[in-house]
There are 2 protein chains.
Amino acid sequence: MTRVSKKERHKKLMHALNGDPFLTDGDLANRCNVSIQTIRLDRMELGIPELRERIKHMAEEKFDSVRSLAPEEVYGEVIDLQLDHSGTSIIEIMEDHVFERNQIARGHYLFAQANSLAVAIVNSDLALTKSADIRFIRPVKLGEKCLAHAHVVAKKGQHIQINIETKVMDETVFHGVFDVYCLEEDVLSK
Amino acid sequence: MTRVSKKERHKKLMHALNGDPFLTDGDLANRCNVSIQTIRLDRMELGIPELRERIKHMAEEKFDSVRSLAPEEVYGEVIDLQLDHSGTSIIEIMEDHVFERNQIARGHYLFAQANSLAVAIVNSDLALTKSADIRFIRPVKLGEKCLAHAHVVAKKGQHIQINIETKVMDETVFHGVFDVYCLEEDVLSK
DNA sequence: TACTTATTTAGTACCTAGTACTAATAGTTA
DNA sequence: TAACTATTAGTACTAGGTACTAAATAAGTA
């Protein structure tokens with residue numbers, strides 16, 4: 001006289017955990033009116049890890065995504081850098097960088113790459129972006145690798161003008177002119 | 001003969017957990033060369049919850065952010081939004097956002113806030129930043145809260161021009177003019 | 001130097017949310 | 001009725017803690 005079939009319970013279980021992954025085996029047992037052991041056998045069959053593992057997994061994902069948005073001093077991997085002259089960096093567009101709907105990279109990631117590179121090029125402890133004029137030439141899609149190349153075009157006192165062009169393969173996807181303000185220490189002490 | 005002072009150990013602890021929140025008390029005890037009890041007293045004093053609670057908290061945040069899809073798309077907390085008209089969002093400058101040396105926020109975080117807001121305002125599934133002209137008016141420091149206010153100034157066909165001004169208290173710190181390209185579905189089907 | 005306080009360590013009982021296992025019972029079916 | 005599946009019960013054990021008591025070890029101060 002099995003009240004509800006195993007299959008049905010399994011469905012219910014999956015659904016319940018989808019709605020609230022923080023349910024313990026005890027909670028699930030109550031919901032399904034079965035013993036805790038039954039729930040554990042069910043999880044085994046369905047390959048559902050225990051509560052603590054589920055939670056840990058979610059936390060790790062969260063942690064990783066925080067990482068990708070708040071990285072080190074430079075956003076992107078610098079592969080070449082001539083201080084006060086030029087530089088190149090790479091980023092690969094990952095899941096976290098794109099709009100869900102259309103898989104297109106959010107513009108500020110491309111900007112972050114360019115901005116980081118511009119500031120990194122300036123040979124100073126106190127370099128800040130003053131202004132920028134940027135253009136997104138074509139959308140960048142998930143999985144594409146963006147190569148940003150920067151070079152200093154002018155240097156007038158504390159203002160340094162840097163041109164940045166970002167390419168995917170041979171196609172230009174982003175272009176920017178950055179005006180970086182450089183407050184050198186010896187200037188400060190004068 | 002306390003090898004390392006309590007204060008120093010507390011700092012080390014905070015830093016370690018910031019870098020890796022998945023460390024158990026045992027791990028921390030090893031790193032600091034103290035007993036597990038000392039670590040637990042330290043956590044008490046510093047108000048740091050146990051590993052499982054930390055993990056759970058992160059998982060809950062992740063879960064919440066997955067639930068509400070819209071805010072995930074936006075960098076910053078949107079506190080007001082009138083589609084196709086105006087919007088406001090807030091970000092607080094945290095440790096991760098600043099240069100270590102001078103505690104000044106990296107420009108691309110301010111840009112990310114503005115860019116997200118600009119795209120969010122446009123009432124379309126397919127809104128992409130086409131170009132932007134931005135100015136960093138004064139440096140923003142650690143702990144400051146940035147209020148970005150955006151409003152649509154022009155709409156010509158698929159191009160929408162949005163002005164954004166970001167303030168800390170009453171001071172303008174950032175200004176930008178964004179040109180967002182909006183590919184509406186009915187336009188597509190024509 | 002002796003007293004006092006702060007800091008650190010040790011150890012116990014208990015908790016949750018499990019795993020891994022054995023054994024028994026209930027219900028169904030050939 | 002025997003065989004099988006599904007379910008339940010119960011035990012031993014685990015990690016990573018809490019909450020507590022007690023003791024040992026500095027360190028500061030009168």
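Residues numbered from 1 in each chain as written. Chains lettered and ligands numbered in written order. Predicted model: local features only at pLDDT ≥ 70, side-chain atom pairs only at ≥ 80, totals over all residues. Heavy atoms only, no water.

### A word on the side chain of Thr88 of chain A
Turning to step 1, where the next piece is worked out: Take Thr88 of chain A: it is sitting in strand 2 (residues 86-92).
Turning to step 2, where the next piece is worked out: In contact with Thr88 of chain A, not counting residues within four places along its chain, are Glu77, Val78, Ile79, Asp80, Leu117, Leu147, Ala148 and His149 of chain A. (Helix = DSSP H or I, 4+ residues; strand = E, 2+ residues; numbered from the N terminus. Contact = heavy atoms within 4.5 Å.)

### Considering the nonpolar core
Turning to step 1, where the next piece is worked out: Of all hydrophobic cores here, the largest spans 71 residues; its most connected members are Ile134, Ile162 and Phe178 of chain A together with Ile134, Ile162 and Phe178 of chain B.
Turning to step 2, where the next piece is worked out: Not counting chain neighbours up to four residues away, the residues in contact with Ile162 of chain B comprise Ala118, Ile121, Val122, Ala150, His151, Val152, Val153, Gly176, Val177, Phe178 and Val180 of chain B.
Turning to step 3, where the next piece is worked out: In terms of nonpolar packing, the next biggest core, distinct from the first, is built from eleven residues, Ala59 and Phe63 of chain A together with Leu51 and Met58 of chain B among them. (Core = buried A, V, L, I, M, F, W, Y, C linked by side-chain atoms within 4.5 Å. Buried < 20%, exposed > 50% of the residue type's maximum accessible area, 1.4 Å probe, protein only.)

### Looking at the pattern of salt bridges
Turning to step 1, where the next piece is worked out: Under the counting rule described, the total for this entry stands at 16 salt bridges over all chains.
Turning to step 2, where the next piece is worked out: Asp25 of chain B is the salt-bridge partner of Arg43 of chain B, the closest N and O atoms lying 2.7 Å from each other. With Arg43 of chain B in helix 3 (residues 36-46) and Asp25 of chain B in helix 2 (residues 25-32), the pair connects residues that are 18 residues apart, well separated along the chain.
Turning to step 3, where the next piece is worked out: Its relative accessible area of 11% is what places Arg43 of chain B among the buried residues.
Turning to step 4, where the next piece is worked out: A residue is classified by how much of its surface remains accessible, and Asp25 of chain B, at 8% relative accessible area, is buried.
Turning to step 5, where the next piece is worked out: For Glu144 of chain B, the salt bridge is made with Arg138 of chain B, and the minimal N-O distance between the two is 3.2 Å.
Turning to step 6, where the next piece is worked out: Residues participating in the shared-partner salt-bridge network are Asp25, Arg40 and Arg43 of chain A. (Salt bridge = Lys/Arg side-chain N within 4 Å of Asp/Glu carboxyl O.)

### Points about the side chain of His10 of chain B
All names here are of chain B.
Turning to step 1, where the next piece is worked out: Tracing the sequence through the fold places His10 in helix 1 (residues 6-19).
Turning to step 2, where the next piece is worked out: A distance of 2.9 Å separates polar atoms of two side chains, one belonging to His10 and the other to Asp42.
Turning to step 3, where the next piece is worked out: In this view, His10 contacts Asp42, Glu45 and Leu46; residues no more than four positions away in its chain are not counted. (Polar contact = N/O pair within 3.5 Å; in protein donor to acceptor, adjacent residues only side chain to side chain.)

### As for the pairing of strand 2 of chain A
All names here are of chain A.
Turning to step 1, where the next piece is worked out: Counting buried residues in strand 2 gives five out of seven residues, a clear majority hidden from the surface.
Turning to step 2, where the next piece is worked out: Where strand 1 (residues 77-82) meets strand 2, five bridges bridge the pair, whose relative direction is antiparallel. Looking across to strand 2, one finds that Asp80 is bridged to Thr88.
Turning to step 3, where the next piece is worked out: The turn linking strand 1 back onto strand 2 is made up of three residues, and Asp84 within it adopts a positive phi angle of 65°. (Pairing = 2+ DSSP bridges.)

### Looking at unusual backbone geometry
Turning to step 1, where the next piece is worked out: Phi at Gln103 of chain A is positive, roughly 60°, even though this residue is not glycine.
Turning to step 2, where the next piece is worked out: Among the secondary structure elements, Gln103 of chain A is positioned in the loop between strand 2 and helix 5 (107-121).
Turning to step 3, where the next piece is worked out: The phi dihedral of Asp84 of chain B is positive, around 65°, even though this residue is not glycine.
Turning to step 4, where the next piece is worked out: The residue Asp84 of chain B is located in the loop between strand 1 (77-82) and strand 2 (86-92) in this model.

### Examining the environment of Ser89 of chain B
All names here are of chain B.
Turning to step 1, where the next piece is worked out: Residue placement: Ser89 occurs in strand 2.
Turning to step 2, where the next piece is worked out: Ser89 sits ten residues away from Ile79 along the chain, and the two C-alpha atoms are 5.4 Å apart.
Turning to step 3, where the next piece is worked out: Leave out the neighbours within four places in its chain, and Ser89 touches Glu77, Val78, Ile79, Gln113, Leu117, Cys146, Leu147 and Ala148.

### Topic: the interface of chain A and chain B
Where the parts come together, the accessible area they lose is often given as the size of the interface.
Turning to step 1, where the next piece is worked out: Taken together, the contact pairs 47 residues of chain A with 48 residues of chain B.
Turning to step 2, where the next piece is worked out: A combined buried area of about 4,100 Å² lies between chain A and chain B, and 58% of that area is made up of carbon and sulfur atoms.
Turning to step 3, where the next piece is worked out: Applying the counting criterion to the chain A and chain B interface returns zero salt bridges.
Turning to step 4, where the next piece is worked out: At the junction of chain A with chain B, the criterion picks out eight residue pairs in polar contact (both at pLDDT 80 or more).
Turning to step 5, where the next piece is worked out: At the level of elements, helix 1 (6-19), helix 4 (51-69), helix 5 and strand 3 (127-136) of chain A are the ones that each hand at least two residues to the side of chain A that touches chain B.
Turning to step 6, where the next piece is worked out: Take the side of chain A that touches chain B: its biggest share by element is eleven residues, from helix 4 of chain A.
Turning to step 7, where the next piece is worked out: Class assignment for the residues of the side of chain A that touches chain B results in 22 nonpolar, nine polar and 16 charged.
Turning to step 8, where the next piece is worked out: Pairing geometry for strand 3 of chain A and strand 3 (residues 127-136) of chain B, over five bridges, is antiparallel. Each residue of the ladder has a partner; that of Ser131 of chain A, found in strand 3 of chain B, is Arg135 of chain B. (Buried area = accessible area lost by both parts, 1.4 Å probe. Nonpolar A, V, L, I, M, F, W, Y, C, P; charged D, E, K, R; others polar.)

### Structural notes on the environment of His108 of chain B
Turning to step 1, where the next piece is worked out: Position of His108 of chain B relative to the elements: it lies in helix 6 (residues 107-121).
Turning to step 2, where the next piece is worked out: On the accessibility criterion, His108 of chain B (6% relative accessible area) is buried.
Turning to step 3, where the next piece is worked out: In this structure, the C-alpha to C-alpha distance between His108 of chain B and His97 of chain B, residues eleven residues apart in sequence, is 9.1 Å.
Turning to step 4, where the next piece is worked out: Those residues within four positions of His108 of chain B in sequence are excluded, and the remaining contacts are Tyr75, Phe111, Ala112, Asn115 and Ser116 of chain A.
Turning to step 5, where the next piece is worked out: Here the side chain of His108 of chain B touches Asn115 of chain A through a polar contact of 3.1 Å, side chain to side chain.

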